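Here is what each chain is made of, one letter per residue.
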Amino acid sequence: MNWIKNFVRPKIRSLLGQKRDTPENMWIKDPESGQMVFYRDLEANQFVFPGSGHHHRMPAEARMKQVFDGGEWEKITFPSVSVDPLKFRDERKYADRLKEAKAKTETEDSVRAGFGKVDGLDMVVMVQDMSFIGGSLGMAAGEAIIASMRYAVQKKCPCVIFVASGGARMQEGILSLMQMPRTTIAVQELRAAGLPYIVVLTNPTTGGVTASYAMLGDVHLAEPNALIGFAGQRVIEQTIREKLPEGFQRSEYLKDHGMVDLVVHRHEMKATISRIARILMKAPVPLTQTALVPA
């Protein structure tokens, strides 16, 4: 039955022109151990390789389903922005790149956000999608982040963001860089309302995103071995003319040096977020968790 489900059915759907519900590459190689893992097994384990514990890149939709109770949430509506305001072109038109990325990811830009329950607590959760032009920060992403933070203020609930980005989007020039101060102001609105802002740093978090809202949280969590930094290691070494320490810009190194509060395994991330949010909101512990609290 598994053979029919996993191989025959996808083949028939491909012949009929139907969309596949599994990726083209059915097997994924663990970059640390070299072990080959069946995609659906990796998906069931929250995209963590069972042998080495390596955290594979997690799709934005899967991240949202994993965080929200029952995998259900209310989608937050974002303001529309101008498409390709600079009429930018390199090897291809920027407008064509956007069209392709939207078709590939079935979303409007690199940020997804929703409002729902996380272990019974109301919460706004944002996820940056690396598959949309490298999770880059542009005008649409900036508007999405600002709208989501203001929605959290309206709902008087914590705001969480899972960050994954290569930085600001060069095709939008200064307009993308302006999202750095704009999102910073939105973070200040959360702070003025006395609401928790929790940042989860995933692999990779770099560039102008690191230089703005990714480092302004009340609490900074990180997944194991995530690359976190502004400039690349090679650029830094060439600038200061020194060899950088082993593991530089990885989450464990940054935790040891005070830049990250906790390095949290993906399986424990939801429970950690809800626990921190309840402490910061002074919310009661749900009855299902009272047994975990020592007498």
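Described in the following lines is the structure provided in the data block. Just so it is clear, the structure is predicted and the values come from calculations on it, not from any experiment.

Analysis parameters
- Residues numbered from 1 in each chain as written.
- Predicted model: local features only at pLDDT ≥ 70, side-chain atom pairs only at ≥ 80, totals over all residues.
- Heavy atoms only, no water.
- Disulfide = S-S within 2.5 Å.
- Buried < 20%, exposed > 50% of the residue type's maximum accessible area, 1.4 Å probe, protein only.
- Salt bridge = Lys/Arg side-chain N within 4 Å of Asp/Glu carboxyl O.

The next thing to look at is the state of the cysteines. Tallying each qualifying case throughout the model produces zero disulfides. No disulfide involves C157; its sulfur sits 7.4 Å from the nearest other cysteine sulfur, which is in C159. Here C157 falls in the buried class, since its relative accessible area comes to 2%. Of the residues examined, C159 reaches a relative accessible area of 0% and is grouped as buried.

A word on the pattern of salt bridges. Counted according to the given criterion, the structure contains 15 salt bridges. A salt bridge links E237 to K243, with the nearest nitrogen and oxygen atoms 3.9 Å apart. Taking the relative accessible area as the measure of exposure, E237 reaches 17% and is therefore buried. With relative accessibility at 71%, the residue K243 sits in the exposed group. Among the ionic contacts, a cluster of salt bridges with common partners joins E61, R112 and D129.

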